[in-house]
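Overview (structure and organization)
Read off the chains here:
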Amino acid sequence: MSPPIAPVGWSRWLVPPAALSIHLSIGQAYAWSVFKPPLEDALGLSGTQSALPFQLGIVMLGLSAAFGGTLVERRGPRWAMTVALVCFSSGFLLSGLGAATQQFWLIVLGYGFVGGIGLGIGYISPVSTLIKWFPDRPGMATGIAIMGFGGGALIASPWSAQMLESFGSDSRGIALAFLVHGLSYAVFMLLGVLLVRVPRPRTEEQRADGAPASAAGPQVSARQALRTPQFWLLWVVLCMNVTAGIGILEKAAPMITDFFADTSTPVSVTAAAGFVALLSAANMAGRIGWSSTSDLIGRKNIYRVYLGAGTLMYALIALVGDSSKPLFVLCALVVLSFYGGGFATIPAYLKDLFGTYQVGAIHGRLLTAWSTAGVLGPLIVNWIADRQEEAGKDGADLYGTSLLIMMALLVVGFVANELVRPVHPSHHLAAVTAQKGAPDVRQQQSESA
């Protein structure tokens, strides 16, 4: 499947809707916490066990993005979006079979492994394409693309809750909800597959919509980027930021229920699902808002905000979160806006440091940090909550230690961001070409990523 080249006069503003159709679909992953309590009741699972499909899905997201980044660059966004559609929808269908037969391993395989591959390929499929269409505003462009992933749960959370209420929260009802998800998302993602286009080659390009040529700067191959300290510092920044957010996000619905269970205004199941939807809205808004702001104040400065102010928000939740529901919700919304903004800004940060040459492949490799965080975050929160519950604690006491750990991780990420410097010219493509010769560089390009 060859990449579809935009005809002369094609508007670059038609590409963001194609990206959103994919990301809004795969962003359902952030609504997984809605399925956790029903699965735990129907299949007799612990909180740690019910997180396994989500954890494996995030692991496979990072791994498939890392190993598939080169193929996405080579074969184009339409191929990648098609692969994402098939894997993501098939994952739901397998999960539905697992729920119907009460075989939890099938849910883990379907949602986590197969669906996770769809997450990873779908996640990176439009990013480099949008950067090429919007070289003048890379932060905004990647924010548009990745905004959908953060906002997917805004749709999926209340939709899933309504289906579980209509179909029932037993294994049969869960199976039907998974089936409807799989079929519906296949249709919606197909819109993106049909709509997406890549820019015409530079020699033919007519600068559609007045888009300027790519900005001059360093150009570093994916293989060479792995040899720079900048890549690994950003890996730490992303991993710490994601770990600190994803653990809370994965357990959002039961967490707010636990925090206010012993108060005069406990949180109902419906209200908890609404809280997940609010978090999704903040996640979504942060991805476009904060990443666009990074075009004005710089990537390093915006990450100082994410990591520094995020630490303060977690401190407020840990200290006084259970005494004020509005304060708890407000702090959580701010944290999730930073969390989403961090995801949306990282491709532009990579573009600033390594150029546009193989930014999609470099971005894919960096998402292994997300895989690591996808295991660490939910494991820390769920394991500590389970141990605290066994010790006889309840309510907000289940999460105190987890919140302190998240604050420490954000501080580590803040320090790593402060250490980021421009990439040394010896890693630039021109320098590597001069050192090794053109034939060796062509071989490196074919082997990279």
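Below, the structure is looked at part by part. (Residues numbered from 1 in each chain as written. Predicted model: local features only at pLDDT ≥ 70, side-chain atom pairs only at ≥ 80, totals over all residues. Heavy atoms only, no water.)

1. With respect to unusual backbone geometry
Using the following cut-off: Going along the chain from the N terminus, every DSSP run of H or I of four or more residues is numbered as a helix, and every run of E of two or more is numbered as a strand.
The phi torsion at Gln-102 lies on the positive side, around 60°, for a residue other than glycine. On the secondary structure map, Gln-102 appears in the loop between α5 (77–101) and α6 (104–124).

2. Observations regarding the environment of Arg-365
Rules: Only protein chains enter the accessibility calculation, which uses a 1.4 Å probe. A residue is then buried if its area is under 20% of the maximum for its type, exposed if over 50%, and partly exposed in between.
Summarising the element assignment, Arg-365 is placed in helix α16 (residues 359–366). A residue is classified by how much of its surface remains accessible, and Arg-365, at 9% relative accessible area, is buried. C-alpha separation for the pair Arg-365 and Gly-62, spaced 303 residues apart in sequence, amounts to 7.5 Å.

3. A word on the pattern of salt bridges
Threshold: Salt bridges are identified by distance alone: a Lys or Arg side-chain nitrogen within 4 Å of an Asp or Glu carboxyl oxygen.
Scanning the entire structure with this criterion turns up seven salt bridges. Where Arg-12 meets Asp-136, a salt bridge forms, and the shortest distance between an N and an O atom there is 3.2 Å. With Arg-12 in the segment before α1 (15–26) and Asp-136 in the loop between α7 (127–133) and α8 (138–167), this pair connects stretches of sequence that are 124 residues apart. On the basis of relative accessible area, Arg-12 is assigned to the buried category, the value being 3%.

4. Let's talk about the packing of aromatic side chains
Worth spelling out the cut-off: In this analysis, rings of Phe, Tyr and Trp, with Trp reduced to its six-membered ring, are considered paired at centre separations within 6.5 Å, and the interplanar angle assigns stacked below 30 degrees, edge-to-face beyond 60, and tilted for intermediate values. Any Lys NZ or Arg CZ found within 6 Å of a ring centre and within 35 degrees of that ring's normal is scored as a charge over the ring.
For the structure shown, the criterion picks out 27 aromatic pairs. Ring plane angle 35° and centroid distance 5.9 Å describe the contact between Trp-32 and Phe-35, whose orientation is recorded as tilted. Here the two residues Trp-32 and Phe-35 agree in accessibility, since each one is buried. Between Phe-259 and Tyr-399, the aromatic rings sit 5.8 Å apart at their centres with planes inclined by 25°, giving stacked as the arrangement. Note that Phe-259 is positioned in helix α12 (residues 252–259) and Tyr-399 in the loop between α17 (368–390) and α18 (400–418), a separation of 140 residues in sequence. Taken together, Trp-32, Phe-35, Phe-88, Phe-92, Tyr-111, Trp-159, Phe-178 and Tyr-185 form an aromatic cluster joined through their ring pairs. Across the ring face of Phe-260, the terminal group of Lys-325 is positioned such that the distance to the ring centre comes to 5.6 Å.

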